[in-house]
Amino acid sequence: MIRHLFTVALILCWVLFATPAQPCSRVLWNNNGRSMIVGRNMDWFEDIKSNMWILPRGMERNGLAKTNPLCWTSKYGSVIITAYDVGTADGINEKGLAGHMLYLPETSVGARDSSLPGLSMSMWVQYYLDQFATVDEAVKSFKSHPYQLRMAVESSSGKPATVHIALDDAKGDSAVIECIDGKIEIYHDRSYVVMTNQPSFDKQLEDLKQYRGFGGDKRLPGTHEPGDRFARGAYYVKNLPKPTTDREAIAAMMSVMRNVSAPFGIADPERPNVSTTVWRTVTDLSNGILYYDSVFSPQVFWVDTKKINFETKQPVRKLTLVDNFEPSGEVSGEFLQTDMFQFLPPE
């Protein structure tokens, strides 16, 4: 059984922790005239053992590299969803910055350069949620304070966490960050609203041009392959009707994410970028509300970050989701104090 970090690789979304990340899809709706809404599907070939956590400000972190690890103290509190409780796959911080980890087979970190601070893949999303209020801040920080990603490998399976991540914020800004051949590429533009798994983001943008509505003449594709999910996500978010209420906005984005979901029965352990959807989130970045929809549960529940005390002296809190299908409604008061999980270190 593929345990902890492989699927962080899903990851992760199949990580988070993307892949560390995963088959998975992310769609941002930042022009609806009401609120900034982002959806993400977590696709994987098995239960990724996700739980939800509240992490306060003031937490000391170490990027877990054996030499010269990236170190920081969290400036902002966050609500996150883990993969196997060894990495952050998805989440939002108290300022409205959200991060999402998805699978990308092309990810490779290259040889270690100890002159740069090292950061484990399992902590990639958490680093940004801890430190930054906006996408622009996050992007600019890498230019002035570069780091080097280190590959985390799930021990029992030997699978690497090959992932990429997306960031979005309450202003509707967007960035996709990938690491190919040891070089981190940042695609920063509010027009970059869709992200799936394969190929790399620049090639996905080029492939999109062949479809109707984006410059080409091909009909909208219908399979669960990453490129087809990318095209459908881009088309449907482009054509959503303007919402008149927050409820309509959430429902509209949920409808898009369900359209780009993958049904049971197609998961292939040899191709993590083609897997079954196991859960999805829709996050209202403007109002700080994260909605969680498990395919194993009949109801959606949500967390309102405005109701959470993120102060430094607050404890780490956890809402167990593994084998728990009861949460419903607003659940910020249902988290229980617990010890912090351990991020997966790089190999």
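Before any of the text, the structure's been laid out above.
So, a few notes on the structure that sits alongside this text. What you see is a predicted model; the values in this text were computed from it and never measured.

To continue, consider the pairing of strand β3 (residues 52-55). Side chains of β3 alternate between two faces, with M52 and I54 and W53 and L55 buried alike. Pairing analysis gives four bridges linking β3 to strand β6 (residues 78-83), with the strands arranged antiparallel. In the sheet register, I54 faces β6, and the bridge partner there is V79. Pairing of β3 with strand β18 (residues 317-319), which is carried by three bridges, proceeds in the antiparallel orientation. Across the sheet, the residue bridging to M52 is L319, located in β18.

Axis separation between helix α5 (residues 226-238) and helix α6 (residues 246-259) bottoms out at 9 Å; the angle between their running directions is 160°. It follows that α5 is roughly antiparallel to α6 by the angle criterion. Both α5 and α6 take part in a crossing whose hand is right-handed. Here R232, G233, Y236 and V237 of α5 come into contact with α6, specifically with M253, V256 and N259. Broken down by class, the residue content of the contact of α5 with α6 amounts to four nonpolar, two polar and one charged.

It is worth spelling out the nonpolar core at this point. Side chains of a nonpolar character, in soluble globular proteins, are inclined to be buried together. Counting residues in each nonpolar core, the largest one holds 100 residues, and the members touching the most others are M52, L119, W124, Y128, Y147, L149 and M253. No other element matches the seven residues that α6 contributes to this core. Here W124 is in contact with M101, L119, Y147, L149, V163, H164, I165, I177, E178 and C179, once residues within four sequence places are set aside.

Cut-offs applied
- Residues numbered from 1 in each chain as written.
- Predicted model: local features only at pLDDT ≥ 70, side-chain atom pairs only at ≥ 80, totals over all residues.
- Heavy atoms only, no water.
- Buried < 20%, exposed > 50% of the residue type's maximum accessible area, 1.4 Å probe, protein only.
- Helix = DSSP H or I, 4+ residues; strand = E, 2+ residues; numbered from the N terminus.
- Pairing = 2+ DSSP bridges.
- Axes fitted to C-alpha atoms, helices over the stretch in contact; angles between N-to-C directions.
- Parallel < 35°, antiparallel > 145°, perpendicular 65-115°, else oblique.
- Left-handed = near helix turned anticlockwise from the far one by under 90°.
- Contact = heavy atoms within 4.5 Å.
- Nonpolar A, V, L, I, M, F, W, Y, C, P; charged D, E, K, R; others polar.
- Core = buried A, V, L, I, M, F, W, Y, C linked by side-chain atoms within 4.5 Å.

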